Each structure stands twice: as C-alpha cells, then as structure tokens.
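Breakdown of the fold
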Amino acid sequence: MNDVIFEARQVSSLRRGRFGKKGFRLEEISFQLPRGYIMGLIGKNGAGKTTFFDCIMNEKKRYFGEIFLEERDIHENHWETLDHVGFISEKNEFMELRTAGQNAGMLGRFYSSFDGELFGETMERCKVSTVKTVGKMSRGELVKFQLAFAVAHRPKLYLLDKATAGMDPVFRIDFYRILRELLEGEDCGIILSTHIEEEIGKQLDYVGMLEEGRLVSFGENVLV
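Definitions and cut-offs
Residues numbered from 1 in each chain as written. Predicted model: local features only at pLDDT ≥ 70, side-chain atom pairs only at ≥ 80, totals over all residues. Heavy atoms only, no water. Helix = DSSP H or I, 4+ residues; strand = E, 2+ residues; numbered from the N terminus. Buried < 20%, exposed > 50% of the residue type's maximum accessible area, 1.4 Å probe, protein only. Polar contact = N/O pair within 3.5 Å; in protein donor to acceptor, adjacent residues only side chain to side chain. Contact = heavy atoms within 4.5 Å. Phe/Tyr/Trp six-rings, centres within 6.5 Å; stacked < 30°, edge-to-face > 60°. Salt bridge = Lys/Arg side-chain N within 4 Å of Asp/Glu carboxyl O. Axes fitted to C-alpha atoms, helices over the stretch in contact; angles between N-to-C directions. Parallel < 35°, antiparallel > 145°, perpendicular 65-115°, else oblique. Nonpolar A, V, L, I, M, F, W, Y, C, P; charged D, E, K, R; others polar. Pairing = 2+ DSSP bridges.

**Digging into the side chain of Asn-58**
Tracing the backbone shows Asn-58 in the loop between helix H1 (49–57) and strand E4 (63–69). Overall, Asn-58 belongs to the buried group, its relative accessible area being 16%. At a separation of 2.9 Å, a polar atom in the side chain of Asn-58 contacts the main-chain amide nitrogen of Lys-60. For Asn-58, the residues in contact, after removing those within four places along its chain, are His-75 and His-78.

This is the structure in structure tokens:
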C-alpha cells in the first residue's frame, strides 16, 4: 500500500477578475500527505486556503496540474472522489429547514457507505440533537453536525476549512481527540486550514504555509 494518501502536483488555479483582468490564483502548489496524519494549511485570509479546497470539491476542474487521492486523479471520476471526501466548513451546505437526522437520512443516500448508526453515535458524543433544525444550529453545533455526517461515510480524506475558528476551547480538545481516533482506526488523512497558533503548535503533523497563492514552505511540524 502506498504511504501517500493525497498529493498535489503543480496545482495552479486561475480566476478572472472584473473587466477581463486576472484575479487571484494559486501558483504551482505541490506536496504529499502520508496516510494517517493531519496537515495544516496556514496563512492569512486571502492566502489561498479556501481556493485550494475548492479545487478539490468543485465538479469542474478549475486548475492546471494534478491532484491525486490514493493515486487516482480526483477529476477522473469526480463523483466517486467525493464519495471518499468528508468536507467540513464554516458555511452551511445542508438543508436549513430540515433536522440533522433528516439531512443525514436524505443526503446520506448519496454515499456508498453511509452509516446512520455511526452518525447518531457521533452526534451524541458531540452533544448535538439529531432532531434540531440545521438552520437553528449555532456555528459550533453546525461544525459538529458536519463532522458527524462526514465520519458516517468513512472518507479517505477529511477537508476542514476554518472548521475550528470560534470553536469552544473545551470541545476543540475533544474535536482533535476524535480526529486522532479516526486516523488510528480508519485508513485516512486530514487537511485543515487554520490560523490558530495553539493548533499549529500542538495538533498538526505537517504544515504548509500559503502566501498570496504560493506554498512557501511545507514539512513536518517541528513544534509538536
């Protein structure tokens, strides 16, 4: 089995600005993430963290270069790729007028290995009710719900886009404990974007720093 679960090779995005001017772009992002580890993408707002995640999640290939999940190009069969990706962000991509349980029941069908019982167990651990309407959840509850939904379909790659920003410090400890348990029990890897110094210093195995769309450094976290 290849030890690399995720790889980016010379990934450059292009987005047009107004009036035909070129907008922000990623510039030749390259790195490898070994399976079983947490990688942090760090950098100021606007450095390109969310843009990089969008390259992975968007159905259309909006970048040059190659991105691989378990040695397969993610856009070779993008729907199959998404079956193996758990995405958690500060935005709500779920049905706001439905409960967490209803969302899981309807949207979980799109995943080949969604486990409703595991979803309920994780929601209970995160102390969020499955009968609460998603639109009425606090930001912290929404992140916990997304985590439970992602865990339930056992992805190979977890993408966490600013998921821990504003998170209750007490739950943040348990949040990382859950992530470590996932890495120990499942064959997966985790990439998260953050600017929280405590996370950078204690929780990340690998760190990549983005500045104005460029990956200026990448390597093992020497602060752990």
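**Comments concerning the packing of aromatic side chains**
This structure, assessed with the given rule, holds 15 aromatic pairs. When the centroid spacing of 5.8 Å and the interplanar angle of 35° are considered together, the rings of Phe-6 and Phe-31 count as tilted. Placement of Phe-6 in strand E1 (residues 4–13) and of Phe-31 in strand E2 (residues 29–34) is noted, with a sequence separation of 25 residues between them. Looking at Phe-6, the relative accessible area reads 1%, which means it is buried. On the numbers, 5.1 Å between centres and 45° between planes, the contact of Phe-114 with Phe-149 is tilted. Note that Phe-114 is positioned in the loop between helix H3 (100–107) and helix H4 (116–125) and Phe-149 in helix H5 (residues 139–152), a separation of 35 residues in sequence. An aromatic cluster of at least three residues, connected via ring pairs, comprises Phe-6, Phe-31, Tyr-37, Phe-52, Tyr-206 and Phe-218.

**Focus on the pattern of salt bridges**
Applying the stated criterion to the full structure yields 15 salt bridges. In this structure, Glu-66 and Arg-9 form a salt bridge, with 3.8 Å as the shortest nitrogen-oxygen distance. Of the two residues, Glu-66 is situated in strand E4 and Arg-9 in strand E1; the sequence distance between them amounts to 57 residues. Classification of Glu-66 as partly exposed rests on a relative accessible area of 33%. The salt bridge involving Asp-187 is made with Lys-156; its shortest N-O contact spans 3.4 Å. Taken as a pair, Asp-187 in the loop between helix H6 (169–185) and strand E8 (189–194) and Lys-156 in the loop between H5 and strand E7 (157–161) lie far apart in primary sequence, 31 residues in all. Exposure remark for Asp-187: the relative accessible area of 25% places this residue in the partly exposed category. Residue Lys-156 is classed as partly exposed on the basis of its relative accessible area of 23%. One continuous salt-bridge network, built from bridges that share partners, spans Arg-35, Glu-70, Lys-156 and Asp-187.

**Re the packing of H5 against H6**
At a closest axis distance of 13 Å, the pairing of H5 and H6 adopts a crossing angle of 10°. Considering the angle they form, H5 stands roughly parallel to H6. On H6, the residues touching Val-143, Lys-144, Leu-147 and Val-151 of H5 are Phe-171, Phe-175, Ile-178, Leu-179 and Leu-182. Looking at the contact of H5 with H6 residue by residue, the classes come out as eight nonpolar, no polar and one charged.

**Side note on the sheet that holds E8**
Within the open sheet, the six strands sit side by side as E6-E7-E8-E3-E9-E10. Their pairing is mixed. On the outer flanks of this sheet lie strand E6 (85–89) and strand E10 (214–220), each paired with one strand and no other. Taken pair by pair, the neighbouring strands of this sheet meet at an average axis angle of 15°, ignoring direction. As paired strands, strand E9 (residues 206–211) and E10 are joined by six bridges and run antiparallel to one another. Directly across from Met-209, in E10, lies its bridge partner Ser-217.

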